[in-house]
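# A structural walkthrough
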Amino acid sequence: MVGRGGLGQRLIAGGAVAVSLGGVLLIGLGLSGILGGEPERVPAAAERSRSARAPAPLADVPLSGVADPMRAARPTAVYIPSIGVAAPLMELGLDAKGAIQNPPFDPPNVAGWYRYGPVPGQRGAAVITGHLDTRTGPAVFARLGTVRRGDQIQVLRADRSVAVFVVDKVEHTPKRGFPAKKVYGKLAYPGLRLVTCGGTFDRKAHSYQDNTIVYAHLAAPYYPKS
Amino acid sequence: MARVRRLAAAGAVTAFVVAGVSLAAGLGPASASTTASTMAHDDPLVPGSVSTCLLPLPLLCDEQPGDSWSGGTPAPHDSWSNAPIPDDSWSDAPKPQESWPGPEKSTHPWRPAGEREHKVPKGHPETGGGALAEHEPVWPFAVGGAALLAGAGLAGVAVRRRRDDARRDGSVDPVG
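So, how was this worked out
- Residues numbered from 1 in each chain as written.
- Chains lettered and ligands numbered in written order.
- Predicted model: local features only at pLDDT ≥ 70, side-chain atom pairs only at ≥ 80, totals over all residues.
- Helix = DSSP H or I, 4+ residues; strand = E, 2+ residues; numbered from the N terminus.
- Buried ≥ 20, exposed ≤ 12 C-beta atoms within 10 Å, placed from the backbone.
- Contact = placed C-beta atoms within 7 Å.
- Pairing = 2+ DSSP bridges.
- Axes fitted to C-alpha atoms, helices over the stretch in contact; angles between N-to-C directions.
- Core = buried A, V, L, I, M, F, W, Y, C linked by C-beta atoms within 7 Å.
- pLDDT = per-residue confidence, 0-100.

## Topic: the overall build of chain B
Tallying secondary structure elements over chain B gives four helices and zero strands in all. Its helices and strands taken in sequence order, chain B reads α-α-α-α from the N to the C terminus. Across the 176 residues in chain B, those meeting the buried criterion constitute 25%. Put simply, 56% of the contacts in chain B that link residues at least 6 apart link residues at least 24 apart.

Here it is as structure tokens:
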């Protein structure tokens, strides 16, 4: 026969055990990374102010038609109005291991175009890469994953011409299976590929596990009045 | 025997309290790194992080003091939607590469790589530093620590009631 006092003690002791186990469980889940929400990937303030700085999309640019190739000229800047990107371009070559060089982390608002491929506007697949983020904050292609089909990408070139591309698709692919042929392979029309990182960040390898790739085609060339 | 039991209970409570306090104390600095304010630097080179126009390309800027735009060309506040109209001339626009960090100056004239020079790079671009990566969530540790503290408190209450009951029943040695 258990008295009221004994029952109360057992209830309290049981509650203590249950609450403690719950605490241990929560800590364990936290350690294993199961619990926790998606972080704010891009500052809200940046989202609000982006329209003030981004160039507007050009009007009357056909979404589906592919324009004829442009003559070669050194690309100097890239603009993506839909995500507020306006960045200078630098040339990227190959490193000692034969991999594509990366733009510097500092300054973060710089993208690079791959020098051993077609120039943006020429026939073939031109490639522009940019950092998703640095070690301390967002970088030039922080929002590249939010680009949508039909968005414009404008590449300003040294002859003051502008190659206007329209996005065909956005792909997220594991780095282990990076589609080099699709990105760098030959094309019969002027195309553009924008590449940055994405997916989960592997802290041990200090690398994101995926790549975000934007495929686009030349929709309209603009030349300055001479 | 009763003293041993009391010592064990006190040790358990102390361990719970220390664990809970230390876990809860970890909340402050860890959560700070996930706030938007940390990520929203006022770095002029991060796109969209500030409201002022910092790129020197006049086509994009709302205000460009000292700009050399002249009549007949798009005004500095014009957007790109006007600029590339075939009748417009971009000839007066300062060259962006003069003030942007561009390619290294070379004595050789620039030329595109010929088709024979085209190469497919090995591997994949490495274009991330990790600042936007998911941070370890903090709230499970805070809530778990608080739960451990609550469990310690409840355990203390249970032990105390048991001791009081035992004393009332006379089963505890008053000398202890």
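Okay, back to it.
## Some remarks on the sheet that holds strand S4 (residues 124-130) of chain A
Paired through their backbone hydrogen bonds, the strands of a sheet run either parallel or antiparallel. Residues and elements named next belong to chain A. In space, the eight strands of this closed barrel follow the order S1-S2-S3-S4-S7-S8-S6-S5, with mixed pairing throughout. Here the average twist between neighbouring strands, direction ignored, is 35°. As paired elements, strand S1 (residues 75-80) and strand S2 (residues 85-92) share four bridges and run antiparallel to each other. Residue pairing across strands places Tyr79 opposite Ala86, the latter belonging to S2.

## What about the nonpolar core?
With 56 residues, the main nonpolar core has A:Val78, A:Val127, A:Ile128, A:Ile153 and A:Phe165 as its most contacted residues. Per-element tally for this core: the top contributor is strand S8 (residues 207-222) of chain A, with seven residues. Counting 16 residues, the second largest nonpolar core, distinct from the first, contains B:Phe141, B:Ala142, B:Ala147 and B:Ala158.

## Examining the pairing of strand S7 (residues 190-202) of chain A
Residues and elements named next belong to chain A. A large share of S7 lies buried, amounting to ten of its 13 residues. By the bridge criterion, six bridges tie S4 to S7 in an arrangement that is parallel. Looking across to S7, one finds that Val127 is bridged to Arg193. Two elements, S7 and S8, share ten bridges in a ladder whose sense is antiparallel. The partner of Asp202 across the bridge, within S8, is Ser207.

## Some points on the confidence of the model for chain B
Residue and element names in this part refer to chain B. Confidence in the prediction for chain B averages 60 pLDDT; 36% of positions are at 70 or higher. This stretch, residues 27-95, has a pLDDT under 50; its non-local contacts, to residues over four places away or in other chains, come to 115 contacts. Taken over the whole predicted complex, pTM reads 0.59, whereas the ipTM for its chain interfaces reads 0.75.

## What about the confidence of the model for chain A?
Taken residue by residue, chain A gives an average pLDDT of 88. The fraction at 70 or more is 87%. Scored below 50 in pLDDT, residues 43-52 of chain A makes 16 contacts in the model with residues more than four places away or belonging to other chains.

## Focus on unusual backbone geometry
Residues and elements named next belong to chain A. With omega at 5°, the peptide bond leading from Asp106 into Pro107 counts as cis. With respect to the element layout, Pro107 can be found in the loop between S2 and strand S3 (111-114). Located in the positive-phi region is Asp60, a residue other than glycine, with phi close to 60°. With respect to the element layout, Asp60 can be found in the loop between helix H2 (44-53) and S1. Judged by local crowding, Asp60 falls into the exposed class, with 6 C-beta atoms found within 10 Å.

## With respect to the environment of A:Gln209
All names here are of chain A. Take Gln209: it is sitting in strand S8. Separated by twelve residues in the primary sequence, Gln209 and Cys197 place their C-alpha atoms 7.7 Å from one another. Beyond its immediate chain neighbours, meaning those up to four positions away, Gln209 contacts Pro174, Lys175, Gly199, Thr200 and Asp202.

## Focus on the environment of A:Ile128
Looking at where A:Ile128 falls in the secondary structure, it is placed in strand S4. When neighbours within four sequence positions are excluded, A:Ile128 is seen to be in contact with A:Val78, A:Leu89, A:Ala111, A:Gly112, A:Trp113, A:Leu192 and A:Leu194.

## Concerning the pairing of strand S5 (residues 152-157) of chain A
All names here are of chain A. Counting buried positions along S5 gives six out of six residues, so the element sits mostly inside the fold. Of the two faces of S5, both are covered, the one formed by Gln152, Gln154 and Leu156 as well as the one formed by Ile153, Val155 and Arg157. Judged from the four bridges that link them, S1 and S5 form a sheet pairing that is antiparallel. By the bridge assignment, Tyr79 is partnered in S5 with Gln154. Inspection of the sheet shows S5 paired to strand S6 (residues 162-174) by five bridges, in the antiparallel sense. Across the sheet, Leu156 pairs through a bridge with Val162, a residue of S6. Taking the residues between adjacent antiparallel strands as the criterion, S5 and S6 are bridged by four residues, where Arg160 takes a positive phi near 70°.

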